[in-house]
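Survey of secondary and tertiary structure
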Amino acid sequence: MKIKLTRVLFALVIFAFAGCNSDSAQTKKFTAADLQKLRWIEGTWRGTGDNVKPFFERYRFEGDSLLLIDSFEDETLAKVTDTSRYELKDGEFGGGSEGHRYVAKSLDDRAIEFGPGVNVKNGFRWERGESKDVWKAHDHLSGQRQQSPPDNVSTKWRRWPKP
């Protein structure tokens, strides 16, 4: 009887521990009002980074709960090559493209942090810059975020065309 009770208690401890560490338990619930804090990212941008050829994207909200990100072939903005969707649904703000999904973990007036959702192991942060015409993106491995580790990819974004 003592062995059965020990096994049952052990199983309960394992299930409780797994529930406390689950990614979904750490996901914050968001509202459309929260997404208003992200409106600074709206616009057309030129992204650059170390060893990265410049690239061009447009961030736009449709309504109060859908952020669309159009990627362009080049600086002429003539041809959209991909559109990613980030949507607020049932308190979760997340999205991506081609079967990859990221989920927002935190959001304030200065930044939004995304963690892994489906088919991804990394996370990233979009951070407002020193002016309304600049922001930064930091890509990091989940659970390994630091200020500026050498393995992270960082890009700097400037409004395009330049104001």
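Definitions and limits used
Residues numbered from 1 in each chain as written. Predicted model: local features only at pLDDT ≥ 70, side-chain atom pairs only at ≥ 80, totals over all residues. Heavy atoms only, no water. Helix = DSSP H or I, 4+ residues; strand = E, 2+ residues; numbered from the N terminus. Buried < 20%, exposed > 50% of the residue type's maximum accessible area, 1.4 Å probe, protein only. Contact = heavy atoms within 4.5 Å. Areas by Shrake-Rupley, 256 points an atom, 1.4 Å probe, with all protein chains shown as cover. Core = buried A, V, L, I, M, F, W, Y, C linked by side-chain atoms within 4.5 Å. 1 Å grid on protein atoms, 1.4 Å probe; cavity = no way out; pocket = protein on both sides within 12 Å on 5 of 7 lines; lining within 4 Å. Points joined across faces, edges and corners; volume = space filled by probe spheres on them. Nonpolar A, V, L, I, M, F, W, Y, C, P; charged D, E, K, R; others polar. Polar contact = N/O pair within 3.5 Å; in protein donor to acceptor, adjacent residues only side chain to side chain. Phe/Tyr/Trp six-rings, centres within 6.5 Å; stacked < 30°, edge-to-face > 60°. pLDDT = per-residue confidence, 0-100.

A few points about the overall build of the chain
- On a plain count of helices and strands, the chain comes out with two helices and 10 strands.
- Per-residue burial for the chain yields a buried fraction of 36% across its 163 residues.
- For the chain, contacts bridging at least 24 residues in sequence account for 33% of all contacts bridging at least 6.
- When the accessible area of the chain is evaluated, it comes to approximately 10500 Å², of which 53% is carbon and sulfur surface.

Let's talk about the environment of Pro 116
- Relative to the helices and strands, Pro 116 is located in strand β7 (residues 111–118).
- For the pair Pro 116 and Gly 94, spaced 22 residues apart in sequence, the C-alpha to C-alpha distance is 9.7 Å.

With respect to the nonpolar core
- Counting 24 residues, the largest nonpolar core has Leu 38, Tyr 59, Leu 67, Phe 93, Phe 114, Trp 126 and Trp 135 as the members making the most contacts within it.
- Within the residue set of this core, elements represented by two or more residues are β2 (52–62), β3 (66–72), β4 (80–89), β6 (101–107), β7, β8 (122–128) and β9 (134–141).
- For this core, the element with the most residues is β6, which contributes three residues.

Considering the layout of surface pockets
- What the largest pocket holds in volume is close to 450 Å³.
- What lines the largest pocket is a set of 21 residues, and nearest its centre among them are Glu 57, Tyr 59, Tyr 86, Phe 124 and Trp 126.
- Sorting elements by how many residues they give to the lining of the largest pocket places β9 first, with four residues.
- Per-class residue counts for the lining of the largest pocket are 11 nonpolar, seven polar and three charged.

Some points on the side chain of Thr 44
- Considering the arrangement of structural elements, one finds Thr 44 in strand β1 (residues 43–49).
- Exposure remark for Thr 44: the relative accessible area of 11% places this residue in the buried category.
- A distance of 2.8 Å separates a polar atom in the side chain of Thr 44 from a polar atom in the side chain of Arg 58.
- Other than its neighbours up to four places away in sequence, Thr 44 contacts Glu 57, Arg 58, Leu 77, Arg 158, Arg 159 and Trp 160.

A word on the environment of Arg 58
- One can find Arg 58 in strand β2.
- Note: C-alpha distance between Arg 58 and Asp 70 (12 residues apart in sequence) is 5.1 Å.
- Those residues in contact with Arg 58 that sit more than four places away from it in its chain are Gly 43, Thr 44, Leu 68, Ile 69, Asp 70, Phe 72 and Leu 77.

Some remarks on the packing of aromatic side chains
- Here the structure, examined in full by the defined rule, presents 17 aromatic pairs.
- On the numbers, 4.9 Å between centres and 85° between planes, the contact of Phe 55 with Trp 157 is edge-to-face. In this pair, Phe 55 is assigned in strand β2 and Trp 157 in strand β10 (residues 153–159), connecting sequence segments 102 residues apart.
- A residue is classified by how much of its surface remains accessible, and Phe 55, at 25% relative accessible area, is partly exposed.
- Taking relative accessible area as the criterion, Trp 157 reaches 3% and is therefore assigned buried.

Examining the confidence of the model for the chain
- Per-residue confidence for the chain averages 82 on the pLDDT scale, and 76% of its residues sit at or above 70.
- In the model, residues 2–25 has pLDDT below 50 throughout and makes four contacts with residues more than four positions away in sequence or in other chains.
- Segment residues 144–150: pLDDT under 50, and four contacts once partners within four positions in sequence are set aside and those in other chains are kept.

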